[in-house]
Amino acid sequence: MAILALAAAALTTFEYASTYPSIVEFRDARPFNRIRFMALFASVLCLSTIARSQTDPSITVEFLTSIGILIGQAIDFPYSPVHAVVSILPANAPFEDLVQLRAFAGMSYLISLLSIAVFLIALRLSNWPFYRQETFNVWVNLPTFNPTSGGDIVRRLKRDARWNIALGFALPFLTPMLVVETASLFDSFEVIETQTMIWTVTAWAFLPASLFMRGIAMQRVAGMISDERKRNGSPARNGQLVTA
């Protein structure tokens, strides 16, 4: 985990220090990446705090655990994302593990929903993605998206936005199924390490939220390009948008 964290820190440092982009999206369109980072950080921190409830209980630990359990119980109904996560435990799993996993799922899912809500509020309150900039460069902020190939850029952005949102809907249900199917290849797991559970549940909630925000962001960029074309009477050149 330390090696992975150092690699991610190095990638982020080099990406933002470089003039040309590599793979990080929306690096010049804050607060998109900041909201995602804070959501990931909050999820890992809260789940790690909840995990201490069985070994080092305190007021803060019990408070977060109670919130996670309440949220988990509220949305743990058939065919819900939390129910899909809880169902990965074997039938003979200890009750404490069941309660802890439900609390993890409830807390991480709540944080993911709040991150999407904060991003939508940021869209409403600011002229995102310009955010005090005079230009928005599609290549710098979407380095893996080639605006010069494959037809009209607006249509492709809207199509990719729909795919991201659809995958964001489906991923909370698909991920537990993949975990169960993978575990069945190596016999059913009886014990799940707490650290593994924390990162698995965090990824389960964070990735769909990230896809939602990416789809919303791409839809917003497509709308801005379309509006710019209408104002100028011609397509924007080279993926460069200029504000009025």
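Every value quoted in this text rests on a predicted model; they were computed, and no experiment measured them. (Residues numbered from 1 in each chain as written. Predicted model: local features only at pLDDT ≥ 70, side-chain atom pairs only at ≥ 80, totals over all residues. Heavy atoms only, no water.)

A. A look at the layout of surface pockets. Counted as a void, the largest pocket has a volume near 920 Å³. Ala8, Thr12, Phe37, Leu40 and Phe206 are, among the 24 residues lining the largest pocket, the residues nearest its centre. Elements that contribute at least two residues to the lining of the largest pocket include exactly α1 (2-17), α2 (32-51) and α8 (194-232). The biggest single contributor to the lining of the largest pocket is α2, with 7 residues. The residue makeup of the lining of the largest pocket, split by class, is 17 nonpolar, 3 polar and 4 charged. Taken as a whole, the second largest pocket spans an internal volume of roughly 160 Å³. Lining the second largest pocket are 13 residues, with Tyr109, Leu113, Gly168, Pro172 and Phe212 positioned closest to its centre. Sorting the residues of the lining of the second largest pocket by element identifies α5 (95-125), α7 (153-185) and α8 as the ones contributing at least two each. Counted by class, the lining of the second largest pocket contains 11 nonpolar, 2 polar and no charged residues. (1 Å grid on protein atoms, 1.4 Å probe; cavity = no way out; pocket = protein on both sides within 12 Å on 5 of 7 lines; lining within 4 Å. Points joined across faces, edges and corners; volume = space filled by probe spheres on them. Helix = DSSP H or I, 4+ residues; strand = E, 2+ residues; numbered from the N terminus. Nonpolar A, V, L, I, M, F, W, Y, C, P; charged D, E, K, R; others polar.)

B. Spotlight on the environment of Ile225. Mapping Ile225 onto the fold places it in helix α8. Separated by 68 residues in sequence, Ile225 and Leu157 have C-alpha atoms that sit 10.0 Å apart.

C. Up close: empty space enclosed by the protein. Scanning the entire structure with this criterion turns up 2 cavities of 30 Å³ or more. What the largest cavity holds in volume is close to 60 Å³. Forming the walls of the largest cavity are Val85, Ile88, Thr175, Pro176, Val179, Thr200, Val201 and Trp204. Looking at the lining of the largest cavity, the elements with two or more residues in it are α7 and α8. Residue composition of the lining of the largest cavity, grouped by class: 6 nonpolar, 2 polar and no charged. Within this model, the second largest cavity holds a volume of roughly 50 Å³.

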